[in-house]
Amino acid sequence: FPSHDNGGDGLANSITGSPVSYAGGGGGARYASPTGGGDGGSGGGGKGGSETVSPQAAVDGSVNTGGGGGGNRTPSAGGGAGRSGIVVVLQPAGTFAPGVWSLQCQYNYKKQGTWTPSAPFDVDYLVVAGGGGAGATDGDNGGAGGGRAG
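Residues numbered from 1 in each chain as written. Predicted model: local features only at pLDDT ≥ 70, side-chain atom pairs only at ≥ 80, totals over all residues. Heavy atoms only, no water.

### A closer look at the overall build of the protein chain
Piece 1. If you tally the helices and strands in the protein chain, you get 1 helix and 7 strands.
Piece 2. Written out in order from the N terminus, the α and β elements of the protein chain read β-β-β-β-β-α-β-β.
Piece 3. Considering the protein chain as a whole, with its 150 residues, one finds that 31% of them fall into the buried category.
Piece 4. Within the protein chain, contacts between residues separated by at least 24 positions form 46% of all contacts whose residues are at least 6 apart in sequence.
Piece 5. Summed over all atoms, the accessible surface of the protein chain reaches about 8,600 Å², with 55% contributed by carbon and sulfur. (Helix = DSSP H or I, 4+ residues; strand = E, 2+ residues; numbered from the N terminus. Buried < 20%, exposed > 50% of the residue type's maximum accessible area, 1.4 Å probe, protein only. Contact = heavy atoms within 4.5 Å. Areas by Shrake-Rupley, 256 points an atom, 1.4 Å probe, with all protein chains shown as cover.)

### What about the sheet that holds strand E7 (residues 147–149)?
Think of a sheet as strands paired side by side through backbone hydrogen bonds, with each pair either parallel or antiparallel.
Piece 1. In spatial order, the strands read E5-E6-E7; together these 3 strands make up an open sheet with antiparallel pairing. The open sheet is flanked by strand E5 (86–90) and E7, the only strands paired with a single partner. Looking at each pair of strands side by side, their axes are set apart by 0° on average, direction ignored.
Piece 2. Looking at chain direction, strand E6 (residues 124–128) and E7 are connected through 3 bridges and run antiparallel. (Pairing = 2+ DSSP bridges. Axes fitted to C-alpha atoms, helices over the stretch in contact; angles between N-to-C directions.)

### Things to note about the environment of Gly 150
Piece 1. Mapped onto the fold, Gly 150 is located in the segment after E7.
Piece 2. Residue contacts for Gly 150: discarding those within four places in its chain leaves Val 123, Asp 124 and Tyr 125.

### Section: the pattern of salt bridges
Piece 1. Under the counting rule described, the total for this entry stands at 2 salt bridges.
Piece 2. As a salt-bridge pair, Asp 39 and Lys 47 come within 3.0 Å of each other at their nearest N and O atoms.
Piece 3. Take Asp 39: its relative accessible area is 40%, and that puts it in the partly exposed class.
Piece 4. As a salt-bridge pair, Arg 83 and Asp 60 come within 2.7 Å of each other at their nearest N and O atoms. With a gap of 23 residues between them, Arg 83 in the loop between strand E4 (50–51) and E5 and Asp 60 in the loop between E4 and E5 connect regions that are remote in the sequence.
Piece 5. The class for Arg 83 is partly exposed, based on a relative accessible area of 29%. (Salt bridge = Lys/Arg side-chain N within 4 Å of Asp/Glu carboxyl O.)

Here's what the structure looks like:
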């Protein structure tokens, strides 16, 4: 019977002020393992399930990490669900005009020639897509969410 491995580790990012791992892969299913399936990767991956005398269910990935769900051996139980990703935008230090302008206001100011675009500035960002769920019946590892930072 096939046994699948631990999920792949995600990547750490410190945009929130402390290092947090995102987009961990889900662990694969294992047959007749008293310890359950493969561990989920750091970054929210769910643990894989196991078909034993006392079956262990697959675990879902972690919310807001893009973690993949763990695989499962038992068709009736299904694999773990992949979970949502996250978007973080870090505004640079400085003084900015307060308030929110509607698109109509911006258009009217631009048309009148009175809209003054601000100087270009950089922002730090992190985008992590949601993770994939894993399959059941010899369930392979769950897919992790993709990511981009800048």
